[in-house]
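For reference, the chains in residue letters:
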Amino acid sequence: MSYYNYNSLFPAGQATDRVRGARLPAEGPTLNTLEEAFTSENWIIRIYKVKDLDNFGRDHASAVAFDSGKKKKATKRRGARVLRTE
């Protein structure tokens, strides 16, 4: 959670964690269950709140995936699994 929106402060590909000396990925984490409620000016204090339940009864990950335009891939239905006795 501490890296959420952190890469938006730097030019593309140049976000680094100064304490650990590590370069961060170009795209930061996405929050499914929480949302950012407050961040101080210097990013010292960050407060998150738990998202409200979805009106359609979906879990948080499915609702976020739908909002971002990602659809579930259709899975092929196979017959029942049979135990081999060889």
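In short, a report on the structure. (Residues numbered from 1 in each chain as written. Predicted model: local features only at pLDDT ≥ 70, side-chain atom pairs only at ≥ 80, totals over all residues. Heavy atoms only, no water.)

## With respect to the overall build of the chain
Within the chain, the regular secondary structure consists of one helix and four strands. The linear arrangement of helices and strands in the chain, starting from the amino end, is β-β-β-β-α. Classification of the 86 residues of the chain by burial places 10% in the buried group. Taking the intrachain contacts of the chain between residues at least 6 apart in sequence as the baseline, contacts between residues at least 24 apart amount to 33%. (Helix = DSSP H or I, 4+ residues; strand = E, 2+ residues; numbered from the N terminus. Buried < 20%, exposed > 50% of the residue type's maximum accessible area, 1.4 Å probe, protein only. Contact = heavy atoms within 4.5 Å.)

## Focus: the pattern of salt bridges
Oppositely charged side chains may form a pair once their charged atoms are brought near each other. Scanning all chains against the criterion turns up two salt bridges. Between Lys-49 and Glu-35 there is a salt bridge whose closest N-O contact spans 3.5 Å. You can see Lys-49 sitting in strand E4 (residues 46-50) and its partner Glu-35 sitting in strand E3 (residues 34-39), a full 14 residues away along the chain. Relative accessible area serves as the criterion here: at 32%, Glu-35 is assigned to the partly exposed category. Residue Arg-46 is joined to Glu-36 by a salt bridge in which the shortest nitrogen-to-oxygen separation is 3.3 Å. With Arg-46 in strand E4 and Glu-36 in strand E3, the pair connects residues that are 10 residues apart, well separated along the chain. (Salt bridge = Lys/Arg side-chain N within 4 Å of Asp/Glu carboxyl O.)

## A word on the environment of Asp-17
The residue Asp-17 is located in strand E1 (residues 16-17) in this model. Taking the C-alpha atoms as reference, Asp-17 lies 9.6 Å from Tyr-6; in sequence the two are 11 residues apart. Excluding residues within four positions of it along the chain, Asp-17 makes contact with Tyr-3, Ala-22 and Leu-24.

## Brief notes about the side chain of Arg-46
Overall, Arg-46 belongs to the buried group, its relative accessible area being 18%. Among the polar contacts made by the side chain of Arg-46, one reaches the side chain of Glu-36 at a distance of 3.3 Å. (Polar contact = N/O pair within 3.5 Å; in protein donor to acceptor, adjacent residues only side chain to side chain.)

## Some words on the pairing of E3
Relative to E4, E3 is paired through five bridges, and the arrangement is antiparallel. Across the sheet, the residue bridging to Leu-34 is Val-50, located in E4. Between E3 and E4, which follow one another and run antiparallel, lie six residues, and Trp-43 among them has a positive phi close to 60°. (Pairing = 2+ DSSP bridges.)

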